Amino acid sequence: MATNEDYARRAVELGHSVLSSCEHGNQGAYHQCASLAEQYNLRWRYVTEAYFVKDRHEKDNTNCHIILAAKTQKGVGDLNFILSEANISGYYYRPRIDLELLLSLDPKDVFVTTACITGVFKYGEEEATRLILRMAAHFRDSFMLEVQYHDTDKQKELNRFLLKLYRAHGIPLIMGTDSHFIYPEDAALREHRLEANHIRYEDEGGWYMDYPSGAEAFRRFQEQGVLSDAQIREAMENTNVFLTFEDVVFDKSKKL
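Residues numbered from 1 in each chain as written. Predicted model: local features only at pLDDT ≥ 70, side-chain atom pairs only at ≥ 80, totals over all residues. Heavy atoms only, no water.

This next bit is on the packing of aromatic side chains. Following the criterion strictly, the structure yields 10 aromatic pairs and no others. Where Tyr7 meets Tyr211, the ring centres are 6.0 Å apart and the plane angle is 25°; that geometry is what we call stacked. Of this pair, Tyr7 sits in helix 1 (residues 4–14) while Tyr211 sits in the loop between helix 7 (187–196) and helix 8 (214–224); the two residues are 204 residues apart in sequence, bridging distant segments of the chain. For the residue pair Tyr7 and Tyr211, the accessibility class agrees, reading buried in each case. Taking 5.2 Å as the distance between ring centres and 55° as the angle between the ring planes, the aromatic pair formed by Phe242 and Phe245 counts as tilted. When its relative accessible area of 4% is taken as the criterion, Phe245 is described as buried. (Phe/Tyr/Trp six-rings, centres within 6.5 Å; stacked < 30°, edge-to-face > 60°. Helix = DSSP H or I, 4+ residues; strand = E, 2+ residues; numbered from the N terminus. Buried < 20%, exposed > 50% of the residue type's maximum accessible area, 1.4 Å probe, protein only.)

This next bit is on unusual backbone geometry. One non-glycine residue with positive phi stands out, namely Asn63, at about 50°. A relative accessible area of 8% means that Asn63 is categorised as buried. Phi is positive for Ala115, which is not a glycine, with a value near 65°. Structurally, Ala115 can be placed in the loop between strand 7 (110–113) and helix 5 (125–139). Among the residues examined, Ala115 registers a relative accessible area of 0% and is labelled buried.

Moving on, we come to the nonpolar core. Ranked by size, the top nonpolar core spans 67 residues in total, and within it Phe52, Leu68 and Ile97 carry the most contacts. For Phe52, the contacting residues outside a window of four places in its chain are Asn63, Cys64, Ile66, Ile97, Asp98, Leu99, Leu102, Val120, Tyr123, Leu131 and Met135. If you look at the next biggest cluster of nonpolar residues, it comprises 10 residues, including Phe111, Ala115, Ile174 and Phe245. (Core = buried A, V, L, I, M, F, W, Y, C linked by side-chain atoms within 4.5 Å. Contact = heavy atoms within 4.5 Å.)

Read these as spatial facts, not as claims about activity.
Here it is, written out as structure tokens:
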């Protein structure tokens, strides 16, 4: 229920610095976002929320989410390659990357987070721990555990699980949102859209789907009651990692 330009305007309104075209399973409308970033004086980042399974050659439609962001121009090409391969050799219900493709990425060029509640945790806590530690060992400083501020039992349980990994292994926390629209009052528009498409999601109470200010995000984490104030600040400040990435220039000399 929001366009990429709506997100650009909201970023400017809040004093934020980055615009990304991140979509599920692909890189989104990156040509449009590169132009919007230039128009609104934002920094464009090339990101995808890919679908992940342990082995793309198996008929596994677990389709966990995982965030992959290009840190360099080479990272853009590397993400293009594995997302193409996800469609060519990994397609089963969705275009899927696996551990082989993920670990082919160089941590100098690609940054990774564990994404939302539908990340590798869908495999269960024991297997998720194994996968996360494998990813962390490969990506090192280019890997973070994504915590979100939703007031739900499932999100609280996930944040507690991630907090255990953070304490035991020193893997940094990073704040994520799950934005489907800009302002809280836009929720009604989303409901109409879902109804028109005969889509119904159960148990959405307590989920925040807007694009909040930093102060509001902090308040929601406090209300959730899992992370300490210091941990909340750390997770929020770690989102600034996107400002350290190379500014990728979209080559407009080629017809698309």
